[in-house]
Amino acid sequence: MSNHEKALDNAQRAAAQGYAVAPTTINKTPAIPSPHDKGHSCKGDCGQPGHGVYDATTNAADVRRLFALAPKAVGYLIACRGRLVGLDIDRKNGVDGYATLARLGREHGFEIPRLTTTVFTPSGGAHLWMTVPEGVVVPNSVGRLGAGLDVRGTGGYIVGPGSTGRAGEYVFHPDLGYTEPQPAPDQLLRLMLPPAPVVRPQRRHNPTPGDAAGRALEGLVNVVLNAPQGERNSKLYWAASKAWAHVEDGHLAAGDVEAELISAAVQIGLSDGEARRTVASAERGVRA
């Protein structure tokens, strides 16, 4: 049996188990060339093959059709869709992903399910198949968990067992064979997900009726809040200079100027330290 035939046979078995598959080259990349020019954003909506992981299917006839279009395919991908995620552990070029994973487990208090699907890679690494709760979207990441650990999440893929790469064949764990993917430990899943965005409270100066200086500070705060990318620091300096002039005139309190402008600057992405330095620099300029 040729490597192409072996890959097709294993891909059909995976598809029969409900895994969406598509053919890959010896370089582990999708085997069917794109029908579009570079820069397209089509994800298979055109109905033509050649969209990588978006070609992946569980339909046996479609699997055969895709492999027929890729006579040089010697492997297949399994799309990470729905609840399936893959943890790619690398051990090569001086990097030991197993050691990284063990350290994360100790630090965060989790263990990898011993019976989850495990596919060994030709370079000494492994792909661990795990599941996440319905509706949870895990992004792809390279090295974000740590050295030698990549996450194959929504829109990504893992190389199917029985595939051939340049370094050799991908095979199931010899003692386990195929087993059902087990749920990812909660602590590991939290690490796989992107950090929650920091939501800072919006602060506004609420002037009293007739409070001209207060309205002026509110306007200066809004200048900072609406500063475009690339002009945030210069807008903050300009607004702070105007505000310190009001302080010098006795119309505003220094504490109000610092609190309001620094808060606004932090909301638009400047660090607290950077904002404080800019406001202080503006104060020195006004009082020079």
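Residues numbered from 1 in each chain as written. Predicted model: local features only at pLDDT ≥ 70, side-chain atom pairs only at ≥ 80, totals over all residues. Heavy atoms only, no water.

Asker: I would appreciate a short explanation of the sheet that holds strand E10 (residues 157-159) in the present structure.
Answerer: To summarise the sheet geometry, strands pair through backbone hydrogen bonds and adopt either a parallel or an antiparallel arrangement. On the basis of which strands lie adjacent, the open sheet formed by three strands has the order E1-E2-E10 and antiparallel pairing. Of all the strands in the sheet, just strand E1 (21-24) and E10 have a single pairing partner and so form its edges. Between one strand axis and the next, the sheet turns by 35 degrees as a mean value, whatever way the strands run. Two strands pair when backbone bridges link them, and E1 and strand E2 (residues 75-79) are joined in this way by four bridges, in the antiparallel orientation. Note on E2: the bridge partner recorded for Val21 is Ile78. Strands E1 and E2 of the sheet are contacted by helix H1 (residues 3-16), whose axis makes an angle of about 20 degrees with E2. In the packing of helix H2 (residues 60-68) onto the sheet, contacts are made with E1 and E2, and the angle to E1 comes to roughly 15 degrees. (Pairing = 2+ DSSP bridges. Helix = DSSP H or I, 4+ residues; strand = E, 2+ residues; numbered from the N terminus. Axes fitted to C-alpha atoms, helices over the stretch in contact; angles between N-to-C directions. Contact = heavy atoms within 4.5 Å.)

Asker: Quick question: what am I supposed to make of the packing of helix H6 (residues 232-248) against helix H8 (residues 272-287) here?
Answerer: Packed helix pairs are specified by the crossing angle of their axes together with the interaxial distance, meaning the distance between the axes. Between H6 and H8, the shortest axis-to-axis distance is 8 Å and the interhelical angle comes to 50 degrees. One element, H6, and the other, H8, form an angle in the oblique class. Classified by chirality, the crossing of H8 by H6 is right-handed. The segment H6 lies against H8, with Asn233, Leu236, Tyr237, Ala240, Ser241, Trp244, Ala245, Val247 and Glu248 engaging Glu274, Ala275, Thr278, Val279, Ser281, Ala282, Glu283, Gly285, Val286 and Arg287. Here the residues of the contact of H6 with H8 are counted per class, giving 10 nonpolar, five polar and four charged. (Parallel < 35°, antiparallel > 145°, perpendicular 65-115°, else oblique. Left-handed = near helix turned anticlockwise from the far one by under 90°. Nonpolar A, V, L, I, M, F, W, Y, C, P; charged D, E, K, R; others polar.)

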